[in-house]
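Each chain, written out:
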Amino acid sequence: MRHAISATNHTSFTVESLDRAIALFRDGLGFELTSRAGRDPASIQTITGVPGAEVEIAYLRRPDHTVELIEYSAPADRRTLEARPCDVGFAHIAFDVTDLDGVIAHLAPYGAVPISPPYVNKRGGPNAGVRVSYLTTPDKVTVELIERI
């Protein structure tokens, strides 16, 4: 059977503050903001299955990936998830970096803070011999940074 998937389109995160998340991805991670606009509520409600949904969406791009950031202004009963990496449904985005400590310091003003100090993988697997750090943002987006050493 042939697969119908031809490419990756984007990775999406729902955020509390579109302005703050755009700053992180644009100024902190080097993405280019390509669009930012509201969407037709009826369309969003149909696509997401969320009655009363109202959104503003931003797309940011790097040569290798596109990120979609969505800020919902409705419905009123939205909540903030406190998912841990072990919780079903948890997601993160990972980047290869050449200066892990420098990138961590660069992202600090955007509210991205390490969950724990960088870890050197001495145990094997596909990331054997790397330094890695998970950072969390004020919008609960987890960013993994991987430095090959």
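Here, every reference points to the structure presented above.
Criteria and cut-off values
- Residues numbered from 1 in each chain as written.
- Predicted model: local features only at pLDDT ≥ 70, side-chain atom pairs only at ≥ 80, totals over all residues.
- Heavy atoms only, no water.
- Pairing = 2+ DSSP bridges.
- Helix = DSSP H or I, 4+ residues; strand = E, 2+ residues; numbered from the N terminus.
- Axes fitted to C-alpha atoms, helices over the stretch in contact; angles between N-to-C directions.
- Core = buried A, V, L, I, M, F, W, Y, C linked by side-chain atoms within 4.5 Å.
- Buried < 20%, exposed > 50% of the residue type's maximum accessible area, 1.4 Å probe, protein only.
- Contact = heavy atoms within 4.5 Å.

**Q** Break down the sheet that holds strand β4 (residues 65-74) for me, citing the residues and quoting the values.
**A** Judged by pairing direction, the sheet is mixed, and its four strands sit side by side in the order β1-β4-β3-β2 without closing on themselves. In this open sheet, the two strands that pair with only one neighbour each are β1 (11-14) and β2 (32-38). Geometrically, the sheet is characterised by an average inter-axis angle of 20° between neighbouring strands, direction not taken into account.

**Q** Outline the nonpolar core, supporting the account with residue identities and numerical values.
**A** F13, F25, L69, L107 and L145 are the most contacted members of the largest nonpolar core, which totals 25 residues. When contributions to this core are tallied by element, the ones reaching two or more residues are α1 (18-28), β3 (54-62), β4, β5 (92-97), α3 (100-107) and β9 (142-148). Among the elements that line this core, the one with the most residues is α1, at five residues. Ignoring anything within four residues of it in the chain, the contact list for L145 reads F95, V97, L100, V103, I104, L107, R131, V132, S133 and L135. Membership of the second largest hydrophobic core comes to seven residues, among which are V55, I57, I70 and Y72.

**Q** Please set out α1 residue by residue, giving values where relevant.
**A** For α1, the full list of buried residues reads L18, A21, I22, A23, L24, F25 and G28. For α1, the elements touching its buried residues are β1, β2, β3, β4 and α3. At the exit of α1 stands G30, carrying a positive phi of roughly 80°.

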